[in-house]
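Working through the structure, step by step
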Amino acid sequence: MTMAATIESIGAPSTSNINWETINWSNVELHVNKLQIRIAKAFRERRHNKAKALQWILTHSLSAKLLAVKRVTTNKGAKTPGVDNITWNTSIQKGRAALSLKRRGYKAQPLRRIYIPKKQKDKLRPLSIPTMYCRAMQALYWLSADPIVEMIADKNSYGFRKLRCTADAIEQCFIILSKRGSSHYVLEGDIKSCFDTISHSWLLKHAPMDRVILKKWLDAGYIEKGMQYSMSAGTPQGGIISPTLLNATLSGLEDKVKSLTYSRRDKVYFSVYADDFIITGATQKVLEETVKPAVEAFLSERGLSLSKDKTKITHINEGFDFLGCNIRKYNEKLIIKPSKESVKHFLKNIRSLIKANNSAKTENLIRLLNPKIRGWANYFSHICSKDTFSYIGYHLFNALWRWAKRRHPNKGMKWIKRKYFRTCGNRNWVFTAKIKNKQGNWINLDLVDINQVAIKRHIKIRAEATPYNPKYNVYLENRVKTPQTRKSQ
């Protein structure tokens with residue numbers, strides 16, 4: 001059998017070796033996507049046995065196994081091993097790994113537990129790292145579960161879903177809060193230790209995937225400081241399939257709450273991103289007596305609870321923070337801008353980076369700063385950020401000027417300016433370095449000017465749109481091809 005024929009097969013894979021470098025990934029993705037669309041269609045038509053049969057075919061297909069291995073070997077954690085200290089770096093290893101992914105005889109290995117800092121001071125978040133093989137198995141079964149999770153997910157849920165992002169969640173906030181007759185009260189919801197407390201029994205009963213494989217992952221436990229521990233609840237933060245299991249767990253929250261409200265006059269609307277959400281209400285009473293108890297009851301069934309410290313009811317004139325943005329009405333006009341906490345955290349990181357590179361080449365410092373500045377600015381480029389960008393630019397210049405003066409304490413201001421700054425058009429203080437391009441010519445490498453980042457409103461994705469329904473193919477293809485922005489008013 002030829003390699004092309006093997007790739008096109010959706011049945012059991014060939015035992016022959018795979019030439020990883022010659023795989024036609026477009027064909028592989030096309031075959032997997034077709035199966036995913038069929039799974040979603042069967043589920044929409046309530047043909048659940050048909051959907052399960054198609055899921056079985058997908059998890060046993062070579063195309064899906066190749067995609068699973070590709071995902072775990074190309075993401076950011078590809079070089080981070082699990083407890084077995086194994087990574088897949090060569091083409092031969094990747095090809096053998098794809099052929100070795102089998103349900104029969106699979107045994108999940110314990111997770112490697114590490115801790116990473118939280119935004120809050122002196123707090124750590126547990127991160128559990130599966131082995132490469134377990135990661136690939138999770139990626140494989142994620143391919144079969146994701147179409148069904150997309151079908152059952154709430155319309156205004158935007159976290160960990162294809163073609164959706166934080167900008168959609170923020171734009172949803174603008175839509176439901178910006179009008180003169182919009183809700184005045186907002187329930188800011190945060191689920192306490194969400195990934196760590198999801199009920200195993202609930203997942204095993206309701207998760208739309210192979211329950212035998214899921215149970216093995218949940219029972220695997222983790223290893224910390226040479227000791228193995230079991231997990232009575234929760235899914236590992238660091239597991240590829242954990243975000244999808246979270247979406248499956250929280251699906252139905254919107255419909256549940258809306259079914260208990262009395263009428264549209266209650267103005268109950270949602271914007272959900274992973275375990276953070278906001279729910280609007282016409283009055284504080286609606287949120288306190290109807291919405292919040294309904295949310296608590298819904299979460300309790302799944303082993304979850306609201307965080308008492310972070311969950312509160314706020315008037316829109318007081319404002320609230322959501323996904324790094326501050327949302328507040330000023331004289332009946334809704335303004336969304338970067339939160340003070342986001343600005344403070346960004347400037348702290350930038351200043352720390354500059355101080356840590358006190359003796360670095362100017363070129364190297366600029367290459368470290370540019371991606372951070374560009375990424376932060378692009379994240380907030382769809383809201384009212386112009387004044388914030390100007391504020392960031394001012395403090396960034398001061399930090400760089402102090403950096404330059406520390407390097408040359410005996411030089412004057414004019415000398416320092418000539419060495420590190422240049423004039424470009426109407427800008428007189430452009431932090432720059434001279435570098436050689438590929439042709440050997442000297443060019444200027446400039447620091448990104450955050451003030452030059454354009455502010456453009458994001459166009460929110462249609463709430464019901466999903467990549468697994470052919471009905472929305474043209475719409476979603478156009479969104480991918482064309483920037484989803486419009487000029488800010």
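The structure we're discussing is the one just above.
Notes on the structure follow. (Residues numbered from 1 in each chain as written. Predicted model: local features only at pLDDT ≥ 70, side-chain atom pairs only at ≥ 80, totals over all residues. Heavy atoms only, no water.)

1. Focus: the overall build of the protein
Heads up, the rule is: In this text, helices come from DSSP runs of H or I with a minimum length of four residues, and strands from runs of E with a minimum of two, each type numbered from the N-terminal end. The reference for a compact globule is 2.2 Å times residues^0.38; the radius of gyration itself is calculated from the C-alpha atoms. Burial classes follow relative accessibility: with a 1.4 Å probe on protein chains only, a residue under 20% of its type's maximum area counts as buried, one over 50% as exposed, and anything between as partly exposed. Using a 1.4 Å probe, accessible areas were evaluated by the Shrake-Rupley method; residue-level cover was limited to the displayed protein chains. Under the convention used here, Asp and Glu are negative, Lys and Arg are positive, and both His and the chain ends fall outside the count. The location of each charge is read from NZ of Lys, CZ of Arg, CG of Asp or CD of Glu.
A count of helices and strands for the protein gives 18 helices and 16 strands. Its C-alpha radius of gyration of 26 Å places the protein within 12% of the 23 Å reference for a compact globule of 489 residues. Summarising its shape, the C-alpha atoms of the protein cover approximately 75 × 60 × 50 Å along the three principal directions. A buried classification covers 49% of the 489 residues belonging to the protein. Accessible surface, the protein as shown: approximately 26000 Å² in total, 50% of it carbon and sulfur. Averaging the coordinates of the 87 positive side-chain charges in the protein and doing the same for the 37 negative ones gives two points 8 Å apart.

2. What about the nonpolar core?
Definition in use: Nine residue types can take part in a nonpolar core, namely buried Ala, Val, Leu, Ile, Met, Phe, Trp, Tyr and Cys, and a core is a set of them joined through side-chain atoms within 4.5 Å. We call two residues in contact whenever any of their non-hydrogen atoms come within 4.5 Å of each other.
Counting residues in hydrophobic clusters, the biggest one holds 73 residues, and the most contacted among them are Leu66, Met209, Trp217, Val291 and Val295. Residue contributions to this core peak at 11 residues, all from helix H6 (residues 132-152). Look past the residues within four positions of Val295 in its chain and what remains in contact with it is Leu253, Val257, Phe277, Ile279 and Leu306. In this structure, Ile316, Leu334, Val343 and Ile435 belong to the second largest nonpolar core, which totals 55 residues.

3. Remarks on the packing of aromatic side chains
Going by this rule: Only the six-membered ring of Trp is used, alongside the rings of Phe and Tyr, when aromatic pairs are assigned; centres must lie within 6.5 Å, and planes under 30 degrees apart are stacked while those over 60 apart are edge-to-face, with the rest tilted.
Within the structure shown, the criterion is met by 19 aromatic pairs. Ring centres 6.1 Å apart and planes at 80° place the aromatic pair Tyr141 and Trp217 in the edge-to-face group. Here Trp217 lies in helix H10 (residues 211-218) and Tyr141 lies in helix H6, a separation of 76 residues in the sequence. Like Tyr141, the residue Trp217 is buried in the burial classification. Measuring from centroid to centroid gives 6.0 Å for Trp401 and Phe421, while their planes differ by 45°, and the two rings are tilted. In this pair, Trp401 is assigned in helix H16 (residues 386-407) and Phe421 in strand S12 (residues 421-424), connecting sequence segments 20 residues apart.

4. Description of the state of the cysteines
Our working rule: Only a pair of cysteine sulfur atoms within 2.5 Å qualifies as a disulfide here.
Per the stated rule, a full pass over the model turns up zero disulfides. Cysteine Cys194 shares no disulfide, and the gap to the nearest cysteine sulfur, in Cys173, comes to 18 Å. Given the relative accessible area of 3%, Cys194 is considered buried.

5. Quick word on a positive patch on the surface
The condition is simple: Patches here are clusters of residues that have more than 30% relative accessible area and form no salt bridge, with a 9 Å joining cutoff for like charges and a 5 Å cutoff for nonpolar side chains (Val, Leu, Ile, Met, Phe, Trp, Tyr). Salt bridge, as used here: a side-chain nitrogen of Lys or Arg that lies within 4 Å of a carboxyl oxygen of Asp or Glu.
There is a patch of like positive charges on the surface, built from Lys118, Lys123, Arg125 and Lys310. By the secondary structure assignment, Lys118 is in the loop between strand S1 (111-117) and strand S2 (124-129).

6. Re the side chain of Ser182
Spelled out, the test is: In protein, a polar contact requires one atom able to donate a hydrogen and another able to accept it; more generally it is a pair of N or O atoms within 3.5 Å, and residues adjacent in sequence count only if both atoms are side-chain atoms.
Counting through the fold element by element, Ser182 comes out in the loop between helix H7 (166-177) and strand S3 (185-190). Exposure remark for Ser182: the relative accessible area of 8% places this residue in the buried category. Side-chain polar atoms of Ser182 contact the backbone oxygen of Ile176, separated by 3.4 Å. A distance of 3.0 Å separates the side chain of Ser182 from the backbone nitrogen of Lys179, its partner in a polar contact. Ser182 has contacts with Ile176, Leu177, Lys267 and Lys329, leaving out every residue within four places of it along the chain.

7. Considerations on the packing of H6 against helix H11 (residues 242-250)
This is how it is decided: Axis geometry follows a simple rule: fit a line to the C-alpha atoms, using only the stretch in contact for helices, then measure angles between N-to-C directions, giving values from 0 to 180 degrees. Roughly parallel means an angle under 35 degrees; roughly antiparallel means over 145; roughly perpendicular covers 65 to 115; every other angle is labelled oblique. Here a crossing is taken to be left-handed if its near helix is turned anticlockwise relative to the far helix by less than a right angle, and right-handed if that turn runs clockwise.
At a minimum axis separation of 10 Å, H6 and H11 run at an interaxial angle of 30°. The orientation of H6 with respect to H11, classified from their angle, is roughly parallel. Of the two elements, H6 crosses H11, and the hand of that crossing is left-handed. For the pair H6 and H11, the contacting residues are Trp142, Asp146, Val149 and Ile152 in the first and Thr244, Asn247 and Ala248 in the second.

8. So, the sheet that holds strand S14 (residues 442-446)
Formally: Strand pairing is assigned whenever DSSP detects at least two bridges linking the two strands.
Strand order in this open sheet of three strands is S12-S13-S14, and the pairing throughout is antiparallel. In this open sheet, the two strands that pair with only one neighbour each are S12 and S14. Put simply, the sheet's adjacent strands are angled 60° from each other on average, direction ignored. Set on the sheet, helix H15 (residues 362-379) makes contact with strand S13 (427-436) and S14; between it and S13 the angle comes to about 115°. In the packing of H16 onto the sheet, contacts are made with S12 and S13, and the angle to S13 comes to roughly 55°.

9. Here's the deal with the sheet that holds strand S9 (residues 320-322)
Strand order in this open sheet of three strands is S9-S10-S11, and the pairing throughout is antiparallel. Either end of the sheet is taken by a strand with one partner, and the two such strands are S9 and strand S11 (333-338). In this sheet, neighbouring strand axes are inclined to one another by 30° on average, regardless of whether the strands run parallel or antiparallel. Sheet analysis places S9 next to strand S10 (residues 325-330), joined by three bridges and oriented antiparallel. Residue pairing for S10: Phe322 is matched across the bridge by Cys325.

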